[in-house]
Structures are given as structure tokens and as C-alpha cells.
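This is what each chain is made of:
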Amino acid sequence: MSTIVSVKNLYKNFKEIKAVNDLSFSVEQGQIYGFLGQNGAGKSTTIRMLLTLIKPTSGVIEIFGLNLQKHRKEVLRQIGAIIERPDLYKYLTALENLRIFAAMSGVKVSEKKLLDQLAMVGLAERAHSKVKTYSQGMKQRLGIATALVHDPQLVILDEPTNGLDPQGIADVRNLILQLSKEMNKTLLISSHLLSEVELIADSMIIIDKGEKIVEGKVNDLFDPAETIIELKTIDDESMYEKLTQSSLESFVHGKRNDCILLKLHRQQVPDAIKQLVNMDVPILSFHSKHSLEDYFLSLTTGSQHVEALKN
Amino acid sequence: MWKLLKIELFKIFKRPRTYIAFGAIAAIVFLIQIALKYDGKSYIDLLLSNLSGSFEFNDDFKDKLLNGYLICFVILNTLLIQMPLLIALISGDAIAGEANMGTLRLAMTKPISRTEYMLVKFTASFIYTLALLVVMALLALFGSMLIFGTNDMVVLRSEGIEQIKNFDVLWRYFAAFGYAAVALTTVSALAFLLSVFAENSIGPIIATMSIVIVFTILSEMNIPIYDETIKPYLFTSHMVAWKGFFYVKANAEGTTINGSIENLPAVLRSLGILIVYIFVFLGTAIWVFRKKDILT
């Protein structure tokens with residue numbers, strides 16, 4: 001598997017603000033690579049640097065093994081992208097927009113191919129409608145069609161599900177999976193909606209304040225040593241007291257949303273359940289709460305967790 | 001490059017706002033032509049009133065005076081003051097409008113160099129300027145020739161009047177329209193430059209018009225200290241030099257010399273200054289745009 005994107009020691013300063021700070025990561029061929037971070041973490045700035053919209057303060061970006069600054073045109077010819085909103089020419093039709101961006105990408109695409117492209121994103125019937133009549137979801141799908149019109153190897157989608165309703169989000173998710181699995185594209189997808197990335201990405205990076213916090217395969221990152229248990233009992237107040245005075249005391253992590261939180265090593269979970277039963281704790285629910293969202297929040301809001309994971 | 005230019009022209013001529021300028025020109029030209037068709041004599045009397053102390057003009061002379069060439073001269077005098085606004089509407093929108101729509105960032109992710117993009121955008125604005133002038137020429141010159149007919153053209157100057165023979169007029173108009181194209185391209189280049197700094201087109205349009213108005217006022221002011229220090233360097237001082245094509249040389253008897261231009265070097269110098277302005281504005285716009293981070 002070859003490296004498609006290689007970013008080394010990337011920095012971007014806007015006057016005294018460090019938007020991106022010593023960022024390094026790589027994306028392998030055929031991957032769906034999640035680029036995660038809260039709003040303002042530096043995702044869009046990084047993506048804009050990958051697309052030559054912003055010049056890095058320092059650092060090296062190589063795409064397809066070529067230095068981006070030196071081989072800008074060759075590299076961009078193989079990239080399709082949406083940055084934030086898919087803004088298009090509203091006074092033109094979908095087909096006209098697609099034709100324009102195909103021509104700008106340096107490829108001659110037949111009318112049939114353009115219509116096929118619109119059909120792929122479910123817009124064939126509205127091909128001749130002006131974009132100003134489109135819903136947000138339709139614009140997003142048309143944006144994806146314009147990103148794909150020149151058959152790029154690398155597709156970069158910045159917040160592709162922004163502003164979409166649940167059905168729209170599902171449609172875009174399925175389209176991304178289709179691009180990866182059926183068309184063998186490499187995709188770099190930024191999002192702050194972590195549940196989305198969790199469902200589709202193979203690998204991911206989490207950044208905060210312009211710095212890398214963690215990078216790796218989603219499955220690996222998603223299976224850390226510690227897990228949080230949300231325990232709901234008939235009487236949380238008294239059970240909380242009881243647990244803090246029991247052998248489980250060291251695992252009690254606090255209370256949240258009418259639940260008692262236990263922090264355990266995965267291997268300790270079966271024993272903890274046995275002890276709770278032996279203590280006659282009236283359990284209503286026992287939920288191992290570990291989604292990517294929790295993981296992300298623990299990384300970006302708790303510096304202790306960050307340091308622990310870094311080490 | 002040609003493919004990109006076709007795209008830009010397609011985009012410009014697909015926008016309804018593009019046709020506002022053409023509509024405005026047509027409206028102004030027709031209003032002037034209609035007014036002069038029905039009340040041309042009053043206008044001629046007004047024009048000649050300053051000279052009537054030293055000259056006697058009979059009705060036949062006045063009828064000859066009111067011909068298509070003079071009407072076009074009147075229209076040119078009026079419209080070339082207003083046209084910078086119409087030019088700025090498109091040129092000021094060239095980059096700022098794309099930034100505002102969000103399409104600039106999409107365009108810049110395509111394999112096009114920024115210099116190429118700017119040159120294409122500017123060329124498209126230039127073609128739009130030319131299209132406006134061609135429409136204006138068709139309506140103002142050929143339209144007036146059709147409605148009012150042709151005859152010798154009389155140009156009123158502060159020193160008196162000069163008469164240009166019928167056959168000696170048309171080439172002067174072609175030269176004047178060519179010059180006007182350069183003058184308006186200067187305004188277009190200014191609006192284009194300002195467009196690079198903005199994220200919506202209102203700013204560059206207003207800024208362009210403000211600069212043109214301030215410079216025009218300075219150009220027209222009769223303050224001796226400005227005559228040599230500021231006026232020669234303001235592009236607005238040179239925008240009206242197209243009139244030079246209608247100022248002809250006269251022989252010792254005071255008869256105008258066919259095919260002559262009174263002060264061709266001055267016209268060419270003004271033309272040169274405008275061309276320098278165009279290159280400075282365009283060069284600066286490209287330089288700034290190449291260094292610019294696209295954050296919209």
C-alpha cells in the first residue's frame with residue numbers, strides 16, 4: 001500500500017496565532033482517513049494547505065510522492081475536493097456547473113458522463129435546474145459530483161455532512177463508502193461529527209489547537225485499555241454511597257446524568273459485574289460507554305488523558 | 001487558456017446583471033437620440049449661443065450641424081463619464097464575487113495557476129468592456145447616422161468652431177472608440193485590482209467609483225500647483241484625450257487639413273500613460289493574488 005498524502009512538520013501561523021503547529025500524518029492508498037477536531041482545531045486550515053489555498057509557514061506536503069508546491073498542477077489534477085460548503089454558481093444549472101468544473105480540471109467529459117455523474121449522486125432529474133433552486137442536501141451532493149467529475153484518485157471532503165438532515169447524512173455516508181469500496185478512491189474526510197467518522201473511516205487523526213493528539217487505525221484507537229461504565233440503579237444516591245465504601249471504590253469515577261460512572265480496565269469488567277451482583281446492587285442498566293465521541297472529548301478536553309495517551 | 005476564457009465569458013454572459021449595463025447604454029443613447037430628433041434645434045442654439053456674438057448662423061447651417069456625427073459626439077461625451085460604473089460592476093466582481101459565492105476556493109483547487117486564472121479573468125473583463133463599447137458604437141454612431149444622416153462635423157471648441165469634412169470623420173470615431181477602450185480598460189484594471197482585496201463586490205465597485213470621481217475632480221480643478229504636480233499623473237486626466245482625434249490642424253488660411261490631428265504626440269502620450277496604468281494595476285493584482293491565502 002503506497003502513501004498518497006504525506007505531511008511533515010507542517011506549521012501555519014496567522015500573525016501570532018498558531019493555526020497548525022508541527023503537524024505530521026500520512027494517508028495510505030485506498031483508505032478513508034478521518035480528520036477530526038473540534039471547530040477551530042485547524043482542520044480546514046490543514047485541508048486548505050493540502051489544496052494550495054493557503055501557503056504553509058513551514059513544513060513539507062507530498063501528495064502522490066510529489067512535492068505539492070513544486071508540482072501543484074500535476075497533483076491537483078488528481079484531487080477532487082469540497083471545502084466546507086459546496087458553493088457553486090447558483091445562477092447556472094447543475095449540468096453547467098459540472099461542465100465548468102470538469103473543464104477547469106483539464107478534462108473533456110462527454111454530456112453522457114456528466115449526466116451519469118449526476119445520476120450517481122441522485123440528481124439526474126434535476127440536471128437542468130438552476131442550483132439556486134436546490135436544497136442544501138442537493139447542493140452537497142452536487143458538490144461531491146463536481147469533486148469527482150474528473151475521476152480523481154484522492155478525494156478531500158471538508159465537513160461533507162454539514163447542514164444535512166439525517167437522510168442526507170446517510171446518503172453522503174453511503175456515497176463515501178461506495179467511492180472507497182467500489183471505486184477504490186482514497187478519501188480524506190474532515191469532520192467534527194465523530195459518530196460519522198466512526199462509521200466510515202479506516203484510519204484517523206485527531207487534532208486540537210493545530211496539534212496532533214493521536215493518529216492511528218480507528219479499530220486500534222477505539223479499543224483503549226480503559227472504559228467508562230454507566231451504571232443505573234434503582235437508587236443512585238444510596239448506591240453511590242455504598243460503592244464508594246466498597247472494594248469497588250477505586251473504580252468509582254463520579255456521577256453524570258443520573259448514572260454512576262465507573263472507570264475500569266476492560267479485563268476488570270466481568271469481576272466488577274460479579275461484585276455488583278454480590279453486593280445486591282439493584283442494577284437497571286450497565287452500559288459500557290465508549291464511543292468515538294467520548295474518546296474525542298476525553299482527548300480534546302482533558303489534558304491528563306491526552307498526556308496519558310501520548311505516553 | 002482559451003478553454004478557461006470561454007468558461008469565464010460563459011459565466012459573465014449568463015448573469016442577468018451583465019445586461020444591466022447594455023440596457024443602460026441603450027436607454028441613454030435612445031433617450032438622447034429621441035430628444036435631439038424632436039428638439040435638436042434648441043440644443044444647437046444653446047451650443048452656438050456662446051459663439052453668436054462673433055458668428056452668424058443661418059437655419060441651413062444649423063440643420064447641417066445636427067447630423068449623426070455630432071449626436072454621437074454628444075453621446076460619447078455623456079456616456080464615457082458614466083461607463084466606468086458599468087465597467088466596475090463586472091470587473092469589481094471578478095475576484096470578489098467569486099470569493100463571496102465561495103467558488104473561488106473551489107476554482108483554486110483546480111490545476112490552474114493563479115497567474116493564469118487572473119489573466120483569464122482580466123481578459124474576460126476586457127472583452128466585456130469591448131462588448132459594451134461595440135454596442136455603444138453601434139447604437140450611438142451607426143444608430144445616429146441612420147436616424148440623423150451624415151454631413152460635415154462641426155466641433156465646438158473654446159477658441160471657436162472647426163469643421164471636419166464628412167469623409168474625414170468616420171476613422172476618427174474608430175480611433176476614438178479604440179482610445180476609449182484603453183481608457184475604460186484602465187478603470188476595469190483598477191476595479192479588478194481592488195476586487196482582489198475584497199470578499200464581496202460592493203466594496204470594489206464603490207471604491208473604484210470613488211477613486212474615479214476624486215481623480216476626475218482633481219483633474220478638472222483649475223489650481224495651478226496641481227497642473228504640473230498631480231494632474232499629468234492621474235489616469236482620469238488622460239481618459240478624455242479621445243477628443244484629440246477630433247481636433248484638427250488648420251493651414252495658414254484657417255482651413256482644416258483633412259486627415260490631420262492637432263496634437264497627436266499628446267494623444268499618444270496619454271494613451272501610453274493609460275497603458276502603463278493598466279499594466280501596473282494588473283501586475284499588482286496578480287502579485288497580490290499569488291501571495292494571498294484564500295480563506296473565504
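Residues numbered from 1 in each chain as written. Chains lettered and ligands numbered in written order. Predicted model: local features only at pLDDT ≥ 70, side-chain atom pairs only at ≥ 80, totals over all residues.

Q: Which parts of the structure should I look at to understand the overall build of chain B?
A: Looking only at helices and strands, one finds 12 helices and two strands in chain B. In chain B, the succession of α and β elements from N to C terminus is α-α-α-α-α-α-α-β-β-α-α-α-α-α. In summary, chain B has a C-alpha radius of gyration of 21 Å against a globular reference of 19 Å for 296 residues, a match within 12%. In terms of its C-alpha atoms, chain B occupies a principal-axis envelope of roughly 70 × 45 × 30 Å. Within the span of chain B, comprising 296 residues, buried residues form 39% of the whole. Within chain B, contacts between residues at least 6 apart in sequence are counted, and of these 76% link residues at least 24 apart. (Helix = DSSP H or I, 4+ residues; strand = E, 2+ residues; numbered from the N terminus. Rg over C-alpha atoms; globule rule 2.2 N^0.38 Å. Buried ≥ 20, exposed ≤ 12 C-beta atoms within 10 Å, placed from the backbone. Contact = placed C-beta atoms within 7 Å.)

Q: What is the right way to look at the confidence of the model for chain A in this model?
A: The predicted coordinates of low-pLDDT regions are not to be read in fine detail. This prediction gives chain A a mean pLDDT of 84; 90% of its residues lie at or above 70. Taken element by element, the predicted model of chain A shows its lowest mean pLDDT in helix H12 (residues 303-310) of chain A (41) and its highest in strand E4 (residues 58-63) of chain A (93). (pLDDT = per-residue confidence, 0-100.)

Q: How should the interface of chain A and chain B be read in this particular structure?
A: By convention, interface size is frequently given as the accessible area that disappears when the constituent parts associate. If you look at the interface, chain A gives 21 residues, while chain B gives 20 residues. Elements that contribute at least two residues to the side of chain A that touches chain B include exactly helix H2 (72-76), strand E6 (79-82) and helix H3 (94-104) of chain A. For the side of chain A that touches chain B, the element with the highest residue contribution is H3(A), accounting for three residues. Its residues placed into classes, the side of chain A that touches chain B shows 14 nonpolar, two polar and five charged. (Nonpolar A, V, L, I, M, F, W, Y, C, P; charged D, E, K, R; others polar.)

Q: Please clarify how the packing of H3(A) against helix H5 (residues 136-148) of chain A should be interpreted in this entry.
A: Working note: a packed helix pair is described by the angle between its axes plus the distance between those axes. All names here are of chain A. Their axes nearest at 9 Å, the elements H3 and H5 cross at an angle of 30°. By the angle class used here, H3 and H5 are roughly parallel. Like other packed secondary-structure pairs, H3 and H5 cross with a definite hand, here right-handed. Within the contact between the two elements, H3 uses Ala94, Asn97, Leu98 and Phe101 and H5 uses Leu142, Ala145 and Thr146. (Axes fitted to C-alpha atoms, helices over the stretch in contact; angles between N-to-C directions. Parallel < 35°, antiparallel > 145°, perpendicular 65-115°, else oblique. Left-handed = near helix turned anticlockwise from the far one by under 90°.)

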